[in-house]
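Each chain, written out:
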Amino acid sequence: MAPPPVIVHEFDHPYLRVHQFPSPAEGGGEAVNSYLLEFETGLLILDLPLLDSVAISIRDYADQLNKPILKVLISHAHPDHWFGLYRFQDFPSLATTKTIDEIREQGANYLAFKQAQTTAPYDLPQGAIVPATSYEGGEETIDGVTLIWRNASNVEYLDGLYLEIPIHQIPISGDLVYNHVHHYVGQKDEQGKLCISHWIDMLNTLRVGPFNSIFPGHGAKGGMELIEDSITYLGALIPVVTEPGANEPQYRQFIKDNFADFDVIEMVDISAYFLLHQP
Ligand SMILES: [Zn+2]
């Protein structure tokens, strides 16, 4: 198996390596990031990708680091963040209760949806693995590095966690922030209301954080301007997707006119499906 593309970000005092695995933007990978945090004595995995081939190569890479995998944390219930758990079933896995419930109830449907949608159905896991243990966030310290897991709900996703590492002044934002990739804007809350406005409110609180750079859910690492960019993208889309009579051709035309150079057009397909064709 070829080694996966990996970008290693190094921090010292205390020791931390953030290994970022960007899935391909083409061929169903959705440019999603999986992260492996390497501490002095152990490893923690944050999210596992949609494509089985990428998950296998992350597993090989992790095994070669020769440190124990302490746990796998799944940020939220969208398939591009947990399908790869299939290759990491032998480790403790955690997610919020709502994430676990959604994967338990919808995981097999998500897999069937992706199998129908993708050009490479053979590159998907053979089953939906539900994270084992509920975790709603909190603080922990591993080898001198303090991690703050924060909960966010009714944002890009229904409910989930993101990570702040204050001593190195970084958030690993999960899908709260994207970088030059079409955002998934189809999420609805439990009352059926679109989450996009609440997502923007949440980003406005994130941008006052004491951060130097940000690790997004999709696309390359960047500076704090990524938060601003996501706010701009979402703000521009609100009238297009929420106005009465909103329809798919209009949405697609708007994307074409305003964000033509963004990656992962499938994200527009998926958004359109859940926004405009699902109750
Ligand atoms: Zn995602």
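Residue numbers restart at each chain and count upward from 1, following the sequence in its written direction. Restriction of local features to residues with pLDDT of at least 70 applies here, the model being predicted, together with a cutoff of 80 or more for giving and counting side-chain atom pairs; totals for whole chains, interfaces and linings are based on all residues.

Asker: Lay out the overall build of the protein chain in plain terms, naming residues and giving numbers.
Answerer: Along the backbone of the protein chain there are six helices and 13 strands. The C-alpha atoms of the protein chain give a radius of gyration of 18 Å, which matches the 19 Å a tight globule of 279 residues would have. Its C-alpha atoms put the protein chain at 55 × 40 × 35 Å along the principal axes. Backbone-placed C-beta atoms define the burial measure: a residue is buried with 20 or more other C-beta atoms within 10 Å of its own, exposed with 12 or fewer, and partly exposed in between. In the protein chain, buried positions account for 43% of the 279 residues. Note on contacts: residues are paired as contacts if their backbone-placed C-beta atoms lie within 7 Å. Taking contacts inside the protein chain between residues at least 6 apart in sequence as the whole, the part at least 24 apart equals 65%. Segments assigned H or I by DSSP are reported as helices when at least four residues long, segments assigned E as strands when at least two residues long, and all are numbered from the N terminus. The globule rule used for comparison is 2.2 Å times the number of residues to the exponent 0.38, while the radius of gyration itself is calculated over C-alpha atoms.

Asker: Describe the pairing of strand 8 (residues 138-142), with residues and values.
Answerer: In terms of residue burial, strand 8 counts as a barely covered element, since only zero of its five residues are buried. Note: strand 8 against strand 9 (residues 145-153), five bridges, orientation antiparallel. In the strand pairing of strand 9, I142 is matched with V145. Here the rule is simple: two strands pair whenever DSSP picks up at least two bridges between them. Counting the residues that bridge the hairpin from strand 8 to strand 9 gives two residues, and of these D143 lies at a positive phi of roughly 50°.

Asker: Any chance you could break down the sheet that holds strand 1 (residues 7-11) for me, citing the residues and the numbers?
Answerer: Strand pairing in a sheet relies on backbone hydrogen bonds, with the paired strands running either antiparallel or parallel. Strands sit in the order 1-2-3-4-5-6-7 across an open sheet of seven strands; the sheet is mixed. Two strands in the sheet have a free side with no partner beyond their single neighbour: strand 1 and strand 7 (133-134). Relative to strand 2 (residues 16-22), strand 1 runs antiparallel, the two sharing five bridges. Residue I7 lies in a different strand from strand 2, and its bridge partner there is Q20. Of the strands in this sheet, strand 2, strand 3 (33-38), strand 4 (43-46) and strand 5 (69-73) are in contact with helix 1 (residues 52-64), which crosses strand 3 at around 10°. Fitting a line to C-alpha atoms yields each axis, with helices limited to the stretch in contact; the angle taken between N-to-C directions then spans 0 to 180 degrees.

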